[in-house]
Amino acid sequence: MSDIDVAMVGGGNMGAALLGGMIASGRYDAGAIVVVERIAARRDELRSLFPAIRVVGEIPPCSAAVIAVKPGGAADAVTVAVAAGARRILSIAAGVTTATLDAAAGPGVAVVRAMPNTPALVGIGASAIAGGAGAGDDDLAWAESILGSVGIVERLDEPQLDAFTGVAGSGPAYVFLFAEALVDAAVAEGIDSETAGRVVAQLLLGASTLLDRDGDPAQLRRNVTSPGGTTAAGIERFDAHDLRGVVADAVAAATARSRELG
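Here's what I pulled together on the structure shown here. (Residues numbered from 1 in each chain as written. Predicted model: local features only at pLDDT ≥ 70, side-chain atom pairs only at ≥ 80, totals over all residues. Heavy atoms only, no water.)

**Structural notes on the pattern of salt bridges**
When the charged atoms of two side chains lie near each other, side chains of opposite charge can form a pair.
Next, step 1: Taken as a whole and judged by the stated rule, the model has nine salt bridges.
Next, step 2: Of the charged contacts in the structure, one is a salt bridge between R155 and E144, with a shortest N-O distance of 2.8 Å. Here the residue R155 occupies a position in strand 8 (residues 151–155), and E144 occupies one in helix 5 (residues 137–147), the gap between them amounting to eleven residues.
Next, step 3: R257 serves as the salt-bridge partner of E260, at 2.9 Å between the closest nitrogen and oxygen. With E260 and R257 both in helix 11 (residues 243–261), this residue pair falls three residues apart, about one helical turn.
Next, step 4: Beyond isolated ion pairs, a larger network of salt bridges with shared partners links D137, E144 and R155. (Salt bridge = Lys/Arg side-chain N within 4 Å of Asp/Glu carboxyl O. Helix = DSSP H or I, 4+ residues; strand = E, 2+ residues; numbered from the N terminus.)

And the structure:
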């Protein structure tokens, strides 16, 4: 039996975020985790970030592996991890299906496909998972214990992962685009860009906190929108340009692209 419970294959930003969350959660012993990173300079950075975790260039004997590499390298990484002893695989490689992962893993290996989003980098991500042919509830719970260390986790049927990607995977970019537009609009109205940036960041943080607390975006919007007031005047312009339709089109396009990549 290997003394390595989990090999994190790929030490990029998302792999590092998961490592940090796993250690902070207290569920994983740093001595039983290894991170596999082929780039020497990045290995040095990872050793500084995680001095208690072994950092290596090749996948060593291990019981399970998290595949945090680019999609094109995911199948090969799965095959190597299984050859090293892994009997559980969690892949966060975008668009790589469980069928592809199962084929690379071979029989007797539980495969879970996941789609995390970038707020996982600050511990408040949203992830979705779907199990392969050989994955049971215990395997999904194991995947949740890793991804849950950096945010919430939803279990979905695999076809729904494309829609999840269109909403939550791509969603941070939509929010950042809206933030850009708000900053630009503030500057156009005479506010300097640094002040506008601070104000927009704070309003998004505050609004997200209220939404997390209360959970009803429609009611929160109504609470702020007095008839005939300033907010109503702004929302009328959004309605005139069919904001809801634009958002639906964006999500549909991202979902379709996710299906194409898969």
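Picking up after the structure, the text goes on.
**So, the packing of aromatic side chains**
Two descriptors summarise a pair of aromatic rings, namely the distance from one centre to the other and the angle between the planes of the rings.
Next, step 1: Evaluation of the coordinates by the stated rule reveals one aromatic pair.
Next, step 2: Relative to F238, the ring of F178 lies with its centre 6.2 Å away and its plane at 45°, an arrangement referred to as tilted. Note that F178 is positioned in helix 7 (residues 171–188) and F238 in helix 10 (residues 230–240), a separation of 60 residues in sequence.
Next, step 3: For F178, a relative accessible area of 37% puts it in the partly exposed group. (Phe/Tyr/Trp six-rings, centres within 6.5 Å; stacked < 30°, edge-to-face > 60°. Buried < 20%, exposed > 50% of the residue type's maximum accessible area, 1.4 Å probe, protein only.)

**Quick notes on the pairing of strand 8**
Next, step 1: Bridge analysis of strand 7 (residues 125–131) against strand 8 gives five bridges, and the strand direction is parallel. By the bridge assignment for strand 8, G125 is matched with G151.
Next, step 2: The parallel pair strand 7 and strand 8 is bridged by helix 5, and the resulting crossover is right-handed. (Pairing = 2+ DSSP bridges. Right-handed = clockwise from strand over helix to strand, strands pointing away.)

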